[in-house]
Amino acid sequence: MQIRPFTRSDADAVIALWHEVGLTRPWNDPAADIERKLTTQPELFLVAEEAGAVIGTAMVGYDGHRGWVHYLAVSPDQQGGGLGRVLMEEAERLLIELGCPKINLMVRTGNDRVIGFYEALGYGTDEVALLSKRLIPDV
């Protein structure tokens with residue numbers, strides 16, 4: 001298994017993985033999200049690969065103030081084997097190299113299994129309200 005930056009040839013497999021693990025939503029076009037990421041810090045878009053197959057992803061970014069992780073995904077047949085932890089360790093390592101003091105991520109309310117995963121890695125819930133506004137709608 002290796003962790004490497006995303007390449008365009010990964011797109012179909014990455015999107016299929018995101019669909020398989022339930023990360024996509026009708027109002028978010030995953031192909032558009034990939035294209036957007038490739039314009040900013042594309043080297044921080046991580047893919048875990050084994051025997052030529054995409055088995056994990058993490059879309060990492062740093063805005064100069066906070067780091068973010070989106071689309072952390074692990075293939076269902078690989079879940080529970082430590083790959084999610086390895087991807088997060090790599091995301092943290094890359095952000096530390098950039099001087100990032102804090103990392104944020106979002107988990108959908110009620111996804112207790114995933115919240116427990118992050119808590120086991122030392123993440124905690126901040127008492128904030130997440131507000132958002134769509135500026136460019138996905139078609």
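Model, not experiment: these values are computed from the prediction. (Residues numbered from 1 in each chain as written. Predicted model: local features only at pLDDT ≥ 70, side-chain atom pairs only at ≥ 80, totals over all residues. Heavy atoms only, no water.)

Thoughts on the side chain of Asp-138
Tracing the backbone through its elements, the reader meets Asp-138 in the segment after helix H4 (112–120). Exposure remark for Asp-138: the relative accessible area of 17% places this residue in the buried category. Looking at Asp-138, its side chain comes within polar contact range of the main-chain nitrogen of Asp-29, at 2.6 Å. Residue contacts for Asp-138: discarding those within four places in its chain leaves Trp-27, Asn-28, Asp-29, Ala-32, Asp-33 and Arg-36. (Helix = DSSP H or I, 4+ residues; strand = E, 2+ residues; numbered from the N terminus. Buried < 20%, exposed > 50% of the residue type's maximum accessible area, 1.4 Å probe, protein only. Polar contact = N/O pair within 3.5 Å; in protein donor to acceptor, adjacent residues only side chain to side chain. Contact = heavy atoms within 4.5 Å.)

Considerations on the packing of aromatic side chains
Taken as a whole and judged by the stated rule, the model has 5 aromatic pairs. Ring centres of Phe-6 and Phe-45 lie 4.4 Å apart, and the angle between their planes is 5°; on these two criteria the pair is classed as stacked. Note that Phe-6 is positioned in the loop between strand S1 (2–5) and helix H1 (11–20) and Phe-45 in strand S2 (residues 45–50), a separation of 39 residues in sequence. For Phe-45, a relative accessible area of 0% gives the class buried. Arranged with centres 6.2 Å apart and planes meeting at 25°, the rings of Trp-18 and Phe-45 form a pair that is stacked. Here Trp-18 is found in helix H1, whereas its partner Phe-45 is found in strand S2, with 27 residues between them in sequence. In this pair, the class of Trp-18 matches that of Phe-45, namely buried. Connected via pairs of aromatic rings, a cluster forms that spans Phe-6, Trp-18, Phe-45 and Tyr-71. (Phe/Tyr/Trp six-rings, centres within 6.5 Å; stacked < 30°, edge-to-face > 60°.)

As for unusual backbone geometry
Phi is positive for Ala-51, close to 50°, though the residue is something other than glycine. In this structure, Ala-51 sits in the loop between S2 and strand S3 (53–62). A relative accessible area of 85% places Ala-51 in the exposed class. Its identity as a non-glycine residue notwithstanding, Tyr-71 has a phi of 50°, on the positive side. Within the element layout of this structure, Tyr-71 appears in strand S4 (residues 67–74).

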